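Letter by letter, the chains look like this.
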Amino acid sequence: FSGPQASQVLASDLFDLVWDFRTADVAEIRLSVLVSVATSIAMLPQERIFNLVLREDSNFVKAIADISASDPNKECRSLSQTISRSMYEVLHDSGTALQLS
C-alpha cells in the first residue's frame, strides 16, 4: 500500500481500534478517542462514512449525538459536535444531506 489508499486503510483501522473506548470512565481516554475519530474521519473513504451514518446497525450517529449532548467533559462535547458537523459537510458535499443531530 502507498499513498491515499494506505492512508485510508490506516484511518479505518484507527477508527476501528479506538471506537469501543468511547464510553470509558476517564475523560482523557474519551477525548483521545474523539481526537482519533476526528483524525480518521478526515481520511476515511466516503463509502465508509456513508456506512457509519446510513447503516441501521451503526450506532455512530446516536453515539456522537449522545456525547455532544451529555458527556460530562466540555472538551468531549465540543469535539463530538465538530465531528458531527464534519460528517454532515462530507455528506452534504457528496449530495447526501442528512441531519446528524
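Preceding block: the structure.
To keep things clear, this report deals only with the structure shown in the data block. (Residues numbered from 1 in each chain as written. Predicted model: local features only at pLDDT ≥ 70, side-chain atom pairs only at ≥ 80, totals over all residues. Heavy atoms only, no water.)

### A look at the overall build of the chain
So, point 1. Helix and strand content of the chain: 5 helices and 0 strands.
So, point 2. What you see in the chain, going N to C, is helices and strands ordered as α-α-α-α-α.
So, point 3. A compact globule built from 101 residues should have a C-alpha radius of gyration of about 13 Å, and the chain, at 13 Å, falls within 12% of that.
So, point 4. Counting only C-alpha atoms, the chain reaches 35 × 30 × 20 Å along its principal axes.
So, point 5. Counting across all 101 residues of the chain, residues that qualify as buried make up 36%. (Helix = DSSP H or I, 4+ residues; strand = E, 2+ residues; numbered from the N terminus. Rg over C-alpha atoms; globule rule 2.2 N^0.38 Å. Buried < 20%, exposed > 50% of the residue type's maximum accessible area, 1.4 Å probe, protein only.)

### Considerations on the packing of aromatic side chains
Geometrically, a pair of aromatic rings is defined through the distance of the ring centres and the angle of the planes.
So, point 1. Summed over the entire model, instances satisfying the criterion amount to 3 aromatic pairs.
So, point 2. Aromatic side chains Phe15 and Phe60 sit 5.8 Å apart centroid to centroid with 55° between the ring planes, which places their arrangement in the tilted category. Of this pair, Phe15 sits in helix 1 (residues 3-18) while Phe60 sits in helix 4 (residues 60-70), and the two are 45 residues apart along the sequence.
So, point 3. On the accessibility criterion, Phe60 (3% relative accessible area) is buried.
So, point 4. Where Trp19 meets Phe60, the ring centres are 5.1 Å apart and the plane angle is 45°; that geometry is what we call tilted. (Phe/Tyr/Trp six-rings, centres within 6.5 Å; stacked < 30°, edge-to-face > 60°.)

### Some points on a nonpolar patch on the surface
So, point 1. On the surface, Phe21, Val26 and Ile29 cluster together into a nonpolar patch covering about 260 Å² of accessible area.
So, point 2. The topology assignment puts Phe21 in the loop between helix 1 and helix 2 (27-41). (Patch = residues over 30% accessible without salt bridge, like charges linked within 9 Å, V, L, I, M, F, W, Y side chains within 5 Å. Areas by Shrake-Rupley, 256 points an atom, 1.4 Å probe, with all protein chains shown as cover. Salt bridge = Lys/Arg side-chain N within 4 Å of Asp/Glu carboxyl O.)

### Brief notes about the packing of helix 3 (residues 46-54) against helix 5 (residues 74-93)
So, point 1. For the pair helix 3 and helix 5, the least separation of the axes is 11 Å and the interaxial angle reads 115°. Note on packing geometry: the crossing formed by helix 3 with helix 5 is left-handed. Of helix 5, the residues touching helix 3 (which contributes Gln46, Ile49, Phe50 and Val53) are Met87, Val90 and Leu91.
So, point 2. Class assignment for the residues of the contact of helix 3 with helix 5 results in 6 nonpolar, 1 polar and no charged. (Axes fitted to C-alpha atoms, helices over the stretch in contact; angles between N-to-C directions. Left-handed = near helix turned anticlockwise from the far one by under 90°. Contact = heavy atoms within 4.5 Å. Nonpolar A, V, L, I, M, F, W, Y, C, P; charged D, E, K, R; others polar.)

### Some points on the pattern of salt bridges
Pairing is possible between side chains that carry opposite charge, provided their charged atoms lie close to one another.
So, point 1. Taken as a whole, this structure holds 3 salt bridges when the rule is applied.
So, point 2. Across the pair Arg30 and Asp71 runs a salt bridge, and its minimum N-O distance is 2.8 Å. Linking Arg30 in helix 2 with Asp71 in the loop between helix 4 and helix 5, this pair joins segments that are 41 residues apart in sequence. The two residues Arg30 and Asp71 agree in class, both being buried.
So, point 3. Notably, a salt bridge pairs Lys62 with Asp66, separated by 2.8 Å at the nearest N-O pair.

Shape is all these values report; function is a separate question.
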